[in-house]
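Results of the structural survey
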Amino acid sequence: MDFAILTGVQPPSRVIGYTLPNLNFAQSLPAFLRTRGYQTTIWHGNNGEFFMRRASFMRMGFDQLRFKEDLRSATLHRSYWGVRDGELFRLSAEQLRASPGRMFHLLITLDTHIPFDQIDGSEKEIFPGSHDYSENYFNSLRVLDRTWHVMWRRCRQTPCW
């Protein structure tokens, strides 16, 4: 989905779009936003080499890239895949709050990503202790919902945008 949003192009069905070496990103969302005075940041809790996103996001014109390896120095809550969504939301909100200019942040989340096993057992509210794939989909969504609401409340108290 991030490929379609960022490029305005339907993703190829047989290959990962970011791996296409000659794809023209001149009409990308970050390029468009730059012409309108926005500073753009991509946040992704996983590695920048996953699906070759780092190279593609650089070619698209993102001003800042924040992948797992870029966040090594910080003590952050992590899953086995990478930095947890709540941490990305918090870091993004802090940067938005501190910026005097126009900002655009895109966050690619992991907690709700297939195979829905990024959350720990204590976070499984809807189906406690479940190991069922479909039940953990709903458990993961619940965690994201809680995370989003916490961030939303904080941003309403001290605006993030």
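The structure contained in this document is the topic of the report that follows.

Examining the environment of R84
- Along the chain, R84 turns up in the loop between strand 2 (64-66) and helix 4 (85-98).
- With 74 residues separating them in the primary sequence, R84 and Q10 have C-alpha atoms 28 Å apart.

Topic: helix 3 (residues 53-60)
- Listed as buried for helix 3 are R53, R54, S56, F57 and M60. Down the axis of helix 3, the smallest arc covering the buried residues is 165 degrees, so these residues share one side.
- At its buried positions, helix 3 is contacted by helix 1 (2-7), helix 2 (29-34), strand 1 (38-44), strand 2 and strand 3 (102-108).
- Downstream of helix 3 by one or two residues, G61 has phi in the positive range, about 105 degrees.

Let's talk about the sheet that holds strand 2
- Strand order in the open sheet made by the 3 strands is 2-1-3, with parallel pairing throughout. Edge positions in the sheet fall to strand 2 and strand 3, since each of these pairs with one other strand and no more. Taken pair by pair, the neighbouring strands of this sheet meet at an average axis angle of 15 degrees, ignoring direction.
- In this structure, strand 1 lies alongside strand 2, joined through 3 bridges in parallel fashion. Pairing of I42 across the sheet is with L65, part of strand 2.
- Helix-sheet contacts for helix 3 involve strand 1, strand 2 and strand 3, and the interaxial angle to strand 2 is about 160 degrees.

The rules we used
- Residues numbered from 1 in each chain as written.
- Predicted model: local features only at pLDDT ≥ 70, side-chain atom pairs only at ≥ 80, totals over all residues.
- Heavy atoms only, no water.
- Helix = DSSP H or I, 4+ residues; strand = E, 2+ residues; numbered from the N terminus.
- Buried < 20%, exposed > 50% of the residue type's maximum accessible area, 1.4 Å probe, protein only.
- Arc of directions from axis to C-beta.
- Contact = heavy atoms within 4.5 Å.
- Pairing = 2+ DSSP bridges.
- Axes fitted to C-alpha atoms, helices over the stretch in contact; angles between N-to-C directions.

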